[in-house]
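# A structural walkthrough
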Amino acid sequence: DLVIFDDELSPTQQRNLEKGVGCKIVDRTALILDIFAQRARTREGQLQVELAQLQYLLPRLSELWVRFSRLGGASSGGGGGGRIATRGPGETQLEVDRRAIRERIAMLKERIVGVSDHRHRYRERRKQDGIPVVALVGYTNAGKSTLLRQLTGADVLVEDKLFATLDPTTRRVSLPRGQQVLLTDTVGFIQRLPTSLVAAFRATLEEIDQADLLIHVVDSCSAAMSAQIETVGRTLDELHIGAKPMVTAFNKVDRLSTEEIEALGMDRFPNPVPIAAETGEGVTAMLSRVETILDGQADSVPVTVRLPYAAGDLIHLFRERGTIAHETYDPDGTHLHGMLPRRFLDAFRPYLVETRSIRRASPSVGPE
């Protein structure tokens, strides 16, 4: 009673196929949308899925109402025959439905913009805290959620299903030498992901864009491993975030023999590490690799800043993440000179001053 096409069909193709086959036709996009609708748990995910569904439905409305439009044209008077350009009930209903869907789409976009703004403010606060962000990316069902649970004990859904995770989950993780990072699990990628879905989930995918480092989780047991790696790389390039530092975690190696692991050719990929997310094998080595890369990004530069007393969060950030050589105070605020990791410079840029304008004084001198 159902035929599924592993390709995207136009509305006309779908209608003609349903006539020829005699049952309901579903294309690849509709199937993925249906799976997404079942998986969305948070309000944000539900908004994004509904937006994508309505954008998919809108051009198909005319096919749904075609049989009603043929009823139009009858004269309301006592004469005979139809009248040219007379609107039938199907056409009227079609316009009503189109308008309702467009209004709903506009409302959903406004709400998603609100979600995006909220995420932006949240990311700004995270940036001021100075904790690096690491995002898990990969093909759907590669084991990202299993890895997040292994590292953090997070109560996240782990199932052998496509798109089991739609809503991003962020947890704090300690690296081997004690540095704290925020680890974010994101929606899995898939070959030929519909453009409407990429657009609808842009607010979620921004989490990847803002990450300091990516962990690409690869299903090393999949017969289509190479194609899946290529799909993830292509999707990251389409999102303009393919140039970020990356650790390639080849997951599920506990199910492979030594010869099969060697045949993976891991050295072809950036910072490869074999792991088994389910058992924890290789996870410590992966975190050490993450730590090494983040340390390389944390090259410090000399800076001098004048921070108003109201900017206590930035003063705290400088003390926590930088090294203070001189600290003085005056009615304008706190003057700090020292070394600061380069990745935090943007937060301090409005307060940078020339070194020679800072009066050298003892760090023990405090505000009145």
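In what follows, the accompanying structure is described. Predicted model only: the values in this text are computed from it and were never measured.

## Details of the pattern of salt bridges
Applying the stated criterion to the full structure yields 8 salt bridges. In this structure, the salt-bridge partner of R60 is D27, at a minimum N-O distance of 3.7 Å. Taken as a pair, R60 in the loop between α3 (43-57) and α4 (61-64) and D27 in the loop between β2 (24-26) and α2 (28-39) lie far apart in primary sequence, 33 residues in all. The burial state of R60 is the same as that of D27; both residues are buried.

## A look at the sheet that holds strand β6 (residues 213-219)
With respect to topology, 6 strands assemble into an open sheet ordered β4-β5-β3-β6-β7-β8, the strand pairing being mixed. What marks the edges here is a single partner per strand, and that holds for β4 (169-174) and β8 (272-274). Across the sheet, the mean angle separating the axes of adjacent strands is 25 degrees when strand polarity is ignored. Direction of pairing for strand β7 (residues 246-251) relative to β8: parallel, over a ladder of 3 bridges. Directly across from A249, in β8, lies its bridge partner V273. Contacts from helix α7 (residues 144-152) reach β3 (133-138), β4, β5 (180-185) and β6 within the one sheet, and its direction differs from that of β4 by about 45 degrees.

## Describing the packing of α2 against α3
At their nearest, the axes of α2 and α3 sit 10 Å apart, and the two run at 155 degrees to each other. Between α2 and α3, the crossing angle belongs to the class labelled roughly antiparallel. Crossing of α2 over α3 shows left-handed handedness. Along the contact surface, α2 presents T29, A30, L33, F36 and A37, while α3 presents V49, A52, Q53 and Y56. A per-class count over the contact of α2 with α3 returns 7 nonpolar, 2 polar and no charged.

## Thoughts on the environment of A249
Relative to the elements of secondary structure, A249 occurs in strand β7. Separated by 33 residues in the primary sequence, A249 and G282 have C-alpha atoms spaced 9.1 Å apart.

## With respect to the sheet that holds strand β11 (residues 333-341)
Taken together, 3 strands build an open sheet; the order of strands is β9-β11-β10 and the sheet is antiparallel. Of all strands in the sheet, those with a lone pairing partner are β9 (300-307) and β10 (323-330), marking the two edges. Looking at each pair of strands side by side, their axes are set apart by 10 degrees on average, direction ignored. Here 7 bridges tie β10 to β11, and the two strands are oriented antiparallel to one another. Of the residues in β11, the one forming a bridge with T328 is H335.

## A few points about the pairing of β5
Counting buried residues in β5 gives 5 out of 6 residues, a clear majority hidden from the surface. Summarising the sheet, β3 and β5 pair through 4 bridges and their orientation is parallel. Looking at the pairing, L136 lines up with D185 of β5. As defined by bridge partners, β4 adjoins β5 across 6 bridges and the pair is classed as antiparallel. Note that in β5 the partner of T169 across the bridge is D185. Taking the residues that link successive antiparallel strands as the turn, the β4-β5 hairpin has 5 residues, and the phi of G178 there is positive, at about 100 degrees.

## Focus: the environment of D6
Relative to the helices and strands, D6 is located in the loop between β1 (2-4) and α1 (11-21). The spacing of D6 and T29 is 23 residues in sequence and 8.6 Å in space, taken between C-alpha atoms. Setting aside residues no more than four positions away along its own chain, D6 makes contact with R28 and R192. A polar atom in the side chain of D6 sits 2.5 Å from the side chain of R28.

## Remarks on α7
Within the sequence span of α7, burial applies to K144, S145, L147, L148 and L151. Buried residues in α7, looked at end-on, bunch into an arc of 155 degrees, giving them a common side. Of the residues trailing α7, G153 is marked for its positive phi of about 70 degrees.

Thresholds, definitions, all that
- Residues numbered from 1 in each chain as written.
- Predicted model: local features only at pLDDT ≥ 70, side-chain atom pairs only at ≥ 80, totals over all residues.
- Heavy atoms only, no water.
- Salt bridge = Lys/Arg side-chain N within 4 Å of Asp/Glu carboxyl O.
- Helix = DSSP H or I, 4+ residues; strand = E, 2+ residues; numbered from the N terminus.
- Buried < 20%, exposed > 50% of the residue type's maximum accessible area, 1.4 Å probe, protein only.
- Pairing = 2+ DSSP bridges.
- Axes fitted to C-alpha atoms, helices over the stretch in contact; angles between N-to-C directions.
- Contact = heavy atoms within 4.5 Å.
- Parallel < 35°, antiparallel > 145°, perpendicular 65-115°, else oblique.
- Left-handed = near helix turned anticlockwise from the far one by under 90°.
- Nonpolar A, V, L, I, M, F, W, Y, C, P; charged D, E, K, R; others polar.
- Polar contact = N/O pair within 3.5 Å; in protein donor to acceptor, adjacent residues only side chain to side chain.
- Arc of directions from axis to C-beta.

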